[in-house]
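For reference, the chains in residue letters:
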Amino acid sequence: DLFFAQQSGAKRVYAVEASSIAVHAAKLVAANNVDDVIKVLSGKIEEIQLPEQVDVIISEPMGYMLLNERMLETFLHAKKFLKPGGKMFPSRGDLHVAPFTDEALYMEQFNKVNFWYQEYFHGVNLSSLRNPAMTEYFRQPIVDTFDINICTAKTQRHIIDFQTAHETDLHRIEIPLEFHMLQSGTVHGLAFWFDVAFIGSNVTVWLSTAPTQPLTHWYQVRCLLSQPIFAKQGQLLTGRVLMVANAKQSYDLTIEVKIEGTNTVSSNTLDLKNPYFRYTGVTPAPPPGNTHTSPSEDYWAQMDLAGARQAVNLVNGVIVDGLGHVSLDSGPPAHAHQQPNIHQGSIPATGRREKGSSGSPAPPTSSATSLPFNQLIGGAVSPALLNSTSNQPLNFATSHSGAQAYPVIGDYAMIANNLRHMS
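Owing to the predicted nature of the structure, the values given are computational and were not obtained by experimental measurement.

Definitions and cut-offs
- Starting afresh in each chain, residues are numbered from 1 along the sequence in its written order.
- Predicted model: local features are reported for residues with pLDDT of at least 70 only, side-chain atom pairs are reported and counted for 80 or more only, and whole-chain, interface and lining totals are derived from all residues.
- As a rule here, side-chain values cover all heavy atoms of the structure and leave hydrogens and water aside.
- Definition of nonpolar core: a set of buried residues of the types Ala, Val, Leu, Ile, Met, Phe, Trp, Tyr and Cys, connected through side-chain atoms within 4.5 Å.
- Between buried and exposed lies partly exposed: a residue is buried under 20% and exposed over 50% of the maximum accessible area for its type, with that area taken using a 1.4 Å probe on protein chains only.
- Should any heavy atoms of two residues lie within 4.5 Å, those residues are counted as being in contact.
- Strands here are runs of E lasting at least two residues and helices are runs of H or I lasting at least four, both read from the DSSP assignment and numbered beginning at the N terminus.
- By convention, a stacked pair of Phe, Tyr or Trp rings (six-membered ring in the case of Trp) has centres within 6.5 Å and planes under 30 degrees apart, an edge-to-face pair has planes over 60 apart, and any other such pair is tilted.
- Geometrically, a charge over a ring is one whose NZ (Lys) or CZ (Arg) sits within 6 Å of the ring centre while staying within 35 degrees of the ring normal.
- For this document, the term salt bridge refers to a Lys or Arg side-chain nitrogen within 4 Å of an Asp or Glu carboxyl oxygen.
- A residue's pLDDT is the predictor's confidence in that residue, given on a scale from 0 to 100.
- Two strands form a pair only when DSSP identifies at least two bridges running between them.
- Axis definition: a line fit to C-alpha positions, over the contact stretch in the case of helices; interaxial angles, taken between N-to-C directions, run 0 to 180 degrees.

Peer 1: Got a minute to help me understand the nonpolar core in this structure?
Peer 2: Across soluble globular proteins, nonpolar side chains have a tendency to be buried as a group. Counting 52 residues, the largest nonpolar core has Leu67, Phe192 and Val241 as the members making the most contacts within it. The residues contacting valine 241, other than those within four sequence positions of it, are Val97, Ile173, Glu174, Ile175, Leu177, Leu190, Phe192, Leu253, Thr254 and Ile255. Core analysis: the next-biggest nonpolar cluster, separate from the first, contains 16 residues, Phe100, Val113, Ile150 and Ala210 among them.

Peer 1: Got a minute to help me understand the environment of leucine 2 in this structure?
Peer 2: Relative to the helices and strands, leucine 2 resides in helix α1 (residues 2–7). Judged by relative accessible area, leucine 2 falls into the partly exposed class, the value being 21%. With 13 residues separating them along the chain, leucine 2 and alanine 15 place their C-alpha atoms 6.5 Å apart. Sequence-distant contacts of leucine 2, that is, excluding residues within four places in its chain, are made with Val13, Ala15, Val29 and Ile38.

Peer 1: What should I look at first to understand the packing of aromatic side chains in this one?
Peer 2: By convention here, two paired aromatic rings are described through the distance between centres and the angle between planes. Per the counting criterion, the structure on display carries 11 aromatic pairs. Plain terms: the ring middles of phenylalanine 194 and tryptophan 218 are 5.6 Å apart, the flat faces sit at 75° to each other, and that makes the pair edge-to-face. Of the two residues, phenylalanine 194 sits in strand β9 (residues 185–199) while tryptophan 218 sits in the loop between β10 (204–208) and β11 (220–231), which places them 24 residues apart along the sequence. Across the pair, exposure class does not vary: phenylalanine 194 and tryptophan 218 are buried alike. Plain terms: the ring middles of tyrosine 299 and tryptophan 300 are 4.9 Å apart, the flat faces sit at 75° to each other, and that makes the pair edge-to-face. Tyrosine 299 gets classed as partly exposed once you look at its relative accessible area, which sits at 41%. Chaining the aromatic ring pairs together yields one cluster made of Tyr106, Phe110 and Phe138. Taking NZ or CZ as reference, lysine 112 lies 3.6 Å from the ring centre of tyrosine 276, over its face. If you follow arginine 130 out to its NZ or CZ, it ends over the ring of tyrosine 117, 4.5 Å from the centre.

Peer 1: I tried to follow the pattern of salt bridges on my own but got confused; where do I start?
Peer 2: Close approach of charged atoms allows side chains with opposite charge to pair. For the structure on display, the rule yields 13 salt bridges. Between arginine 222 and aspartate 102 there is a salt bridge, and its shortest N-O distance comes to 2.7 Å. Here aspartate 102 lies in the loop between β5 (92–100) and α4 (103–111) and arginine 222 lies in strand β11, a separation of 120 residues in the sequence. Exposure remark for arginine 222: the relative accessible area of 1% places this residue in the buried category.

Peer 1: Could you clarify how one ought to interpret the side chain of glutamine 140 in this entry?
Peer 2: Tracing the backbone through its elements, the reader meets glutamine 140 in the loop between α5 (130–138) and β6 (142–144). Beyond its immediate sequence surroundings of up to four residues, glutamine 140 is in contact with Gln109, Leu270, Asn274, Pro275 and Tyr276.

Peer 1: Explanation requested: the confidence of the model for the protein in the structure shown.
Peer 2: Low pLDDT marks regions whose predicted coordinates should not be analysed in detail. Put simply, the protein has an average pLDDT of 81, and 73% of its residues get 70 or more. This model gives residues 328–423 a pLDDT under 50, and the stretch forms 154 contacts once residues within four places in sequence are excluded.

Peer 1: Quick question: what am I supposed to make of the pairing of β9 here?
Peer 2: Remember that side chains alternate between the two faces of the sheet whenever the strand is regular. Of all 15 residues that make up β9, 12 are buried, and the element is covered over most of its length. The sheet contact formed by β5 and β9 spans 9 bridges and is antiparallel. Across the sheet, residue histidine 96 finds its bridge partner in β9, namely tryptophan 193. In this sheet, β11 lies alongside β9 in antiparallel orientation, the contact comprising 7 bridges. The residue of β11 that forms the bridge with leucine 190 is cysteine 223. In this antiparallel pair of consecutive strands, β9 and β10, the connection spans 4 residues.

Peer 1: Even after reading the chapter, I still don't get unusual backbone geometry, so can you show me in this structure?
Peer 2: A negative phi holds for most residues other than glycine; trans holds for most peptide bonds. Phenylalanine 89 connects to proline 90 through a cis peptide bond whose omega is 5°. Residue placement: proline 90 occurs in the loop between β4 (82–89) and β5.

Peer 1: I tried to follow the side chain of threonine 152 on my own but got confused; where do I start?
Peer 2: Turning to its location among the elements, threonine 152 is positioned in the loop between β6 and β7 (156–161). What makes threonine 152 buried here is its relative accessible area of 0%. Those residues in contact with threonine 152 that sit more than four places away from it in its chain are Pro99, Phe100, Thr101, Met181, Leu182, Gln183 and Val187.

Peer 1: Can you walk me through the sheet that holds strand β13 (residues 251–259) in this structure?
Peer 2: Spatial ordering of the open sheet is given by β8-β12-β13-β14, a layout of 4 strands whose pairing is antiparallel. Each of the sheet's edge strands pairs with one partner strand only, and the pair in question is β8 (172–180) and β14 (265–271). Neighbour to neighbour, the strand axes of the sheet diverge by 10° on average, direction disregarded. Pairing geometry for β13 and β14, over 7 bridges, is antiparallel. Bridging from a neighbouring strand, leucine 253 pairs with leucine 270 of β14.

Pasting the structure below:
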């Protein structure tokens, strides 16, 4: 960031860094002869002093679930050096919350406690720790990614405007919840992700960690309820998220949900500093019940489409497009160097072509649709072609010196009569 700011024409750049990386940053600045513009300051933003006010403050203060690590407070504290009307990048953070259903995830956490059911583990009775172990497993936020379709209601958004917020506003955050259920199902917990906006003078750019966007190192976060609850489509799910800052540079997190008009309530308290990193690198599957067409037919439809786009081959004047279309008809070219008549997106075969009398390759004589698709078998040549009496040349490499001919990879036999010349 500091070099980009300098390259963009900043008159002065102050790089504040509390870790030992400040020493290395200063060396880079000096080595690039920009120490007249970039000033590296070693220390915490709360402790250092600047000789002047600045126009822009740039930082990357987000933790997972936006607020973990509590770097946003430091970011907001830095506004004491910002000129009136100055810019904060990022300028705003939106924390999104939604109820989700995921039976597999819930049972995965629940079944971890089975270890503590053992009453004779190498002579030790572990069962007395079964309930504390259950509590601890469910106190862990799950950091991974998921299919958006597990969310059973539209997200609710909590906005933090970095231009106007004070750092003390982040010491205790309470988010009231009100979800109108879009589908019936078991609610196992609440899912969280965030978006941040960089609001410039002429354009706004968003960085999103939503499950519908390319994956980032922030992933998404899910917090399980201690007891799942069942909600019907159209019901109103209310509750709150309470985040209280702690001395571990994180938050104690409490989630509560209730189905309005009933006595159905569930809650849980989690330690945001102690997550379960569950991401495996595998694309998450949609929840059960979201497949509305035949997967087998979908697969073959995709294969047909791939064949139409990619499996077109030109072999010595024969076009085979993977869908059963082949052509052998003749037609005089406009000129000797006419380009091959190849379908868009086709890949030329590796076979050889005969030379023309002028020494240049003889032009192809093919048309993509001249032969019905049912005359092609297995992407090669059908018996109807092998019974032809045409004297068209074989698609085999032949030797004019009388040496034994041999097939070339990618070549196809065209005329059965000519096969006798191979012996």
